[in-house]
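Topology and contacts: notes
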Amino acid sequence: MASVQVSLPLPVLPQGWAADRDFKPIGHLSDANDRNIEPVGPHFLAHARRKRHKRTFSEDDR
Amino acid sequence: MSAEHDPAQRVAIGISFGNSYSSIAFTTAEGKAEVIANEDGERQIPSILSYVEGEELHGGQAKSQLVRNAKNTVAYFRDFLGQEFKSIDPTPCHQSAHPVQHESTIAFKIRDTAEDKENEVTVSEITTRHLKRLRSSASNYLGKDVNAAVITVPTNFSNAQKEALNKAAKEAGIEVLQFISEPVAAVLAYDARPEAKMADKIIVVADLGGARSDVAVIASRGGIYTVLATVHDYEVTGLKLDQVLMDHFAKEFLKKHKSAGDPRENDRALAKLRLECEAVKKALSIGTSANFSVESLVGGIDFTATINRTRYDLLGNKLFAAFVRLVTHAVEKAELDPLDISEVIIAGGNANTPKVASALGAAFPESTTILAPSTSATAINPSELSVRGAAIQASLVQEFELEDIEQSTHPMVTVTPHLSHAVGVLCISGEESSGIFHPIIDAETPLPVRRIAIIATPKEGGDVLIKLAEGSRHIKVTKPEPKPKKKSEDDEDDSDEDESDEEEELREKTWKVGKVLSEAAIKGIKKGGKVEVQINIAADLGVNAIFREVGGKGGVRGIIQPPKATQNGSA
Ligand SMILES: Nc1ncnc2c1ncn2[C@@H]1O[C@H](COP(=O)(O)OP(=O)(O)OP(=O)(O)O)[C@@H](O)[C@H]1O
Ligand SMILES: [Mg+2]
């Protein structure tokens, strides 16, 4: 996938903002919906390979 | 036997098998799908068999037998496969061999041998014969014995129907590598083109075929497809459009020949009328007018007439409008708005009709691309979308063991969690205080997923805050300024028009910021620098993010834990 280009700027860091290693987890993702993906096309095949061999994207890249 | 199961011995093609037409295609060594013409030069091969003194005719040759030999001509049988007699609608077969109940299945009573006797030939056997003819045409063309195929089926084809088709194909010497659904095949046909760019989008495939119409709303995320909603209809069809023309020309004929009978009341005249009207309809897809010409329509009278496209558009108006309603209904069923739809692929033979494309175009905003021959010079022939997709898929899977293909298509692999909300970052809008959500990963994206975004920073650079959040798409409706009303006597009568005027409100897609997921800081960004955010979301909804200045060293890593399992309501 091509990367997403965002032209609106990020906000300036507020005064006094601090976090361990500059990262602060705040919330969790909402629950996902289980749906059926179509077993069709080259990208599905890559997905199936990852899933069946329990591999991650970066392992797959290698 | 064994050759059939040895992937190395496979010669695989794609087959689209419709109630009206079938097509065959293969993928070249360069990865391009090519549609194969049969011995008569047909790429859209009528799914029809006809028997004349024991000789089997197929395709267009069989179709012309509908005039003289309708009883021994079998047409519109695909949807009967794997069904019980009581659950089928035999209407499309009214002008050809009628389906009858045969034990637990369906058959056609035809004289298919040289003997003077009718046989009950099951729909399964008819399908086998039809597929044998397709297989032989493909084999002749390729100079190799075709023995495997990917076949397209509607999204609502039941397992029983697939099993029946699988069996019939096997009898025809075709190992079915995989059934894929028609609308997904259409999307793949477009995505497989070398110039296709991968993007996250919602696609509607609107298929106006011969005996049915089918609509599917499909999320395409990084080349992976998820069907979000489907609609099927058996009333808004190409056959009905033919009927509209048949009624028109029958009336014209009766105007000229008052004493002659109604061609719709005589079987042979009706068959001639239908064939010619389908040809006229096809001609109107290319030309702005077309000629109708039938020799000896009724009572030995030849009849010719012309029709222009505008007239046809008007005659078919109800059906075109009904088709548009099916499509918008499918979008609603997917809980989406027309503004969410990036592309509408118009498929099926009737997609060639310019009015079908323009009527659909009017139901979607300008941001939606309508892919049909009349709206896009680069549109793929809508009659060939399914078969091209099937051929591409055949080339992708033909080297696998059948067992491997089956495993990969098993729900264990295909059932996948999809994001319920978009995930993105908060940027700065006009007034600095309020953030604006910018999506990086859309809702309905299957997990796991990885996406990268490149984001601008304030002009001066410096320290920035990166807030990851969920967002929901919101449709913002702006009512136009009320127009000063013209005072007039017939205000009442005008009220209808006024209302439709007012519907021309401005509708926009905006985002509502939802749950904030995390904050991260990148410090000391140089002037004009950009920030790269990489987001990995695992199947368990755990997030792993990396933030860094583009071209800079190091960066910030963050982990957002998956939500606690919400079993037993204890969140
Ligand atoms: N060039 C054309 N212009 C207009 N209509 C066309 C054209 N070519 C084919 N059709 C119409 O398209 C219909 C057949 O479409 P298609 O080949 O997609 O059907 P199918 O998938 O075989 O049938 P079904 O959807 O009923 O199973 C017929 O009504 C036919 O008249
Ligand atoms: Mg069809």
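Residues numbered from 1 in each chain as written. Chains lettered and ligands numbered in written order. Predicted model: local features only at pLDDT ≥ 70, side-chain atom pairs only at ≥ 80, totals over all residues. Heavy atoms only, no water.

The name given to chain B in an unreviewed UniProt entry is Chaperone protein dnaK, and the organism recorded there is Trematosphaeria pertusa. Word for word, the UniProt comment on chain B under Sequence similarities (unreviewed entry) is "Belongs to the heat shock protein 70 family." (UniProt positions renumbered as here; feature names shortened; annotations may be inferred.)

Our next topic: the overall build of chain B. When you go through chain B residue by residue, the secondary structure sums to 14 helices and 28 strands. Along the three orthogonal principal directions, the C-alpha set of chain B runs to about 90 × 85 × 50 Å. For chain B, the proportion of its 571 residues judged to be buried stands at 52%. For chain B, contacts bridging at least 24 residues in sequence account for 64% of all contacts bridging at least 6. Taking the average location of the 65 positive side-chain charges in chain B and that of its 83 negative ones, the two points are 3 Å from each other. (Helix = DSSP H or I, 4+ residues; strand = E, 2+ residues; numbered from the N terminus. Buried < 20%, exposed > 50% of the residue type's maximum accessible area, 1.4 Å probe, protein only. Contact = heavy atoms within 4.5 Å. Lys, Arg positive; Asp, Glu negative; His and termini not counted. Charge placed at Lys NZ, Arg CZ, Asp CG, Glu CD.)

Next up on the list: the site of ligand 1. Residue and element names in this part refer to chain B. As a matter of local geometry, ligand 1 sits amid 19 residues, with Tyr21, Ala211, Glu278, Lys281 and Ser285 nearest to it. Within the backbone of Asn19, an N or O atom sits 2.9 Å from an oxygen atom of ligand 1. Contacts to ligand 1 include Lys281, whose side-chain N or O atom sits 2.8 Å from an oxygen atom. With the chains in place, 90% of the 640 Å² that ligand 1 exposes on its own is no longer accessible. (Near = heavy atom within 4 Å. Polar contact = N/O pair within 3.5 Å; in protein donor to acceptor, adjacent residues only side chain to side chain. Areas by Shrake-Rupley, 256 points an atom, 1.4 Å probe, with all protein chains shown as cover.)

Turning our attention to unusual backbone geometry. Omega for the peptide link from Leu447 of chain B to Pro448 of chain B comes to 0 degrees, which places this bond in the cis form. Structurally, Pro448 of chain B can be placed in the loop between strand S22 (435-441) and strand S23 (449-456). Positive phi, normally seen in glycine, also occurs at Arg21 of chain A, with a value near 50 degrees. Phi at Asp22 of chain A takes a positive value of approximately 60 degrees, unusual for a residue other than glycine. As for its position among the elements, Asp22 of chain A is in the loop between strand S1 (4-6) and strand S2 (23-25).

So, about the pattern of salt bridges. All names here are of chain B. On inspection of all chains with the given rule, the structure shows 33 salt bridges over all chains. Put simply, Glu195 and Arg193 hold a salt bridge, and the shortest N to O gap is 3.6 Å. You can call Glu195 exposed: its relative accessible area is 51%. Several salt bridges share partner residues, and in doing so they unite Arg78, Asp79, Glu182, Arg212 and Asp214 into one network. (Salt bridge = Lys/Arg side-chain N within 4 Å of Asp/Glu carboxyl O.)

This part takes up the nonpolar core. All names here are of chain B. If you look at the biggest cluster of nonpolar residues, it comprises 55 residues, and the most contacted ones within it are Phe249, Phe292, Phe323, Val344, Ile346 and Leu360. With nine residues, helix H9 (residues 317-333) is the single largest residue contributor to this core. Apart from the residues within four sequence positions on either side, Val344 is in contact with Val204, Ala206, Leu360, Phe364, Thr368, Thr369, Ile370 and Leu371. In this structure, Ile36, Leu66, Ile106 and Leu134 belong to the second largest nonpolar core, which totals 46 residues. (Core = buried A, V, L, I, M, F, W, Y, C linked by side-chain atoms within 4.5 Å.)

Let us now look at the domain arrangement of chain B. In terms of domains, chain B is made up of domain 1 (7-182 + 386-413), domain 2 (196-379) and domain 3 (417-473 + 513-567). Centre-to-centre separation of domain 1 of chain B and domain 3 of chain B, based on C-alpha positions: 50 Å. (Domains from an automatic or database assignment.)

Let us look at the sheet that holds strand S13 (residues 201-208) of chain B. Residues and elements named next belong to chain B. Read across the sheet, five strands follow the order S15-S14-S13-S18-S19 without closing on themselves; strand pairing throughout is mixed. Looking at the sheet topology across the chains shown, the edges are occupied by strand S15 (224-233) and strand S19 (369-371). Ignoring strand direction, the axes of neighbouring strands in this sheet form an average angle of 20 degrees. Note: strand S14 (residues 213-221) against S15, nine bridges, orientation antiparallel. (Pairing = 2+ DSSP bridges. Axes fitted to C-alpha atoms, helices over the stretch in contact; angles between N-to-C directions.)

Here we come to the packing of aromatic side chains. Residue and element names in this part refer to chain B. For the structure on display, the rule yields nine aromatic pairs over all chains. When the ring of Phe17 is compared with that of Phe77, the centres are 5.8 Å apart and the planes differ by 50 degrees; the resulting orientation is tilted. In this pair, Phe17 is assigned in strand S1 (residues 12-17) and Phe77 in the loop between strand S7 (73-74) and strand S8 (99-102), connecting sequence segments 60 residues apart. An identical accessibility class is assigned to Phe17 and Phe77; each is buried. (Phe/Tyr/Trp six-rings, centres within 6.5 Å; stacked < 30°, edge-to-face > 60°.)

Here we take up the packing of helix H2 (residues 60-68) of chain B against helix H7 (residues 267-286) of chain B. Residues and elements named next belong to chain B. Contact geometry for H2 and H7: axes closest at 7 Å, N-to-C directions at 145 degrees. Residue-level contacts link Lys63, Ser64, Leu66, Val67 and Arg68 of H2 to Arg268, Ala271, Lys272, Leu275 and Glu278 of H7. In terms of residue class, the contact of H2 with H7 is made up of four nonpolar, one polar and five charged. (Nonpolar A, V, L, I, M, F, W, Y, C, P; charged D, E, K, R; others polar.)

Let us look at H7 of chain B. Each α-helix winds once per 3.6 residues, and so residues spaced three or four apart point in a common direction. All names here are of chain B. If you check H7, its first and last C-alpha atoms are 30 Å apart, about what 20 residues at 1.5 Å a residue would give, namely 28 Å. Buried within H7 are the following residues: Ala269, Leu270, Ala271, Leu273, Arg274, Glu276, Cys277, Glu278, Val280, Lys281, Leu284 and Ser285. Between a side-chain oxygen at the N-terminus of H7 and the backbone nitrogen of Arg268 the separation is 2.9 Å; the capping residue is Asn266. (Expected span 1.5 Å × (residues − 1).)

The next thing to look at is the pairing of strand S27 (residues 543-549) of chain B. Residue and element names in this part refer to chain B. For S27, a buried count of five out of seven residues is recorded, marking the element as mostly surrounded by other parts of the structure. Relative to S27, strand S26 (residues 530-537) runs antiparallel, the two being bridged by seven bridges. Residue Val533 lies in a different strand from S27, and its bridge partner there is Phe547. Connecting S26 to the next strand, S27, in antiparallel fashion are five residues, including Leu541 with a positive phi near 75 degrees. Sheet topology places S27 next to strand S28 (residues 556-560); five bridges connect them, and they run antiparallel. Each bridged residue has a counterpart across the sheet, and for Val543 the counterpart in S28 is Ile560. Where S27 hands over to S28, the hairpin turn is made up of six residues, of which Gly551 adopts a positive phi near 85 degrees.

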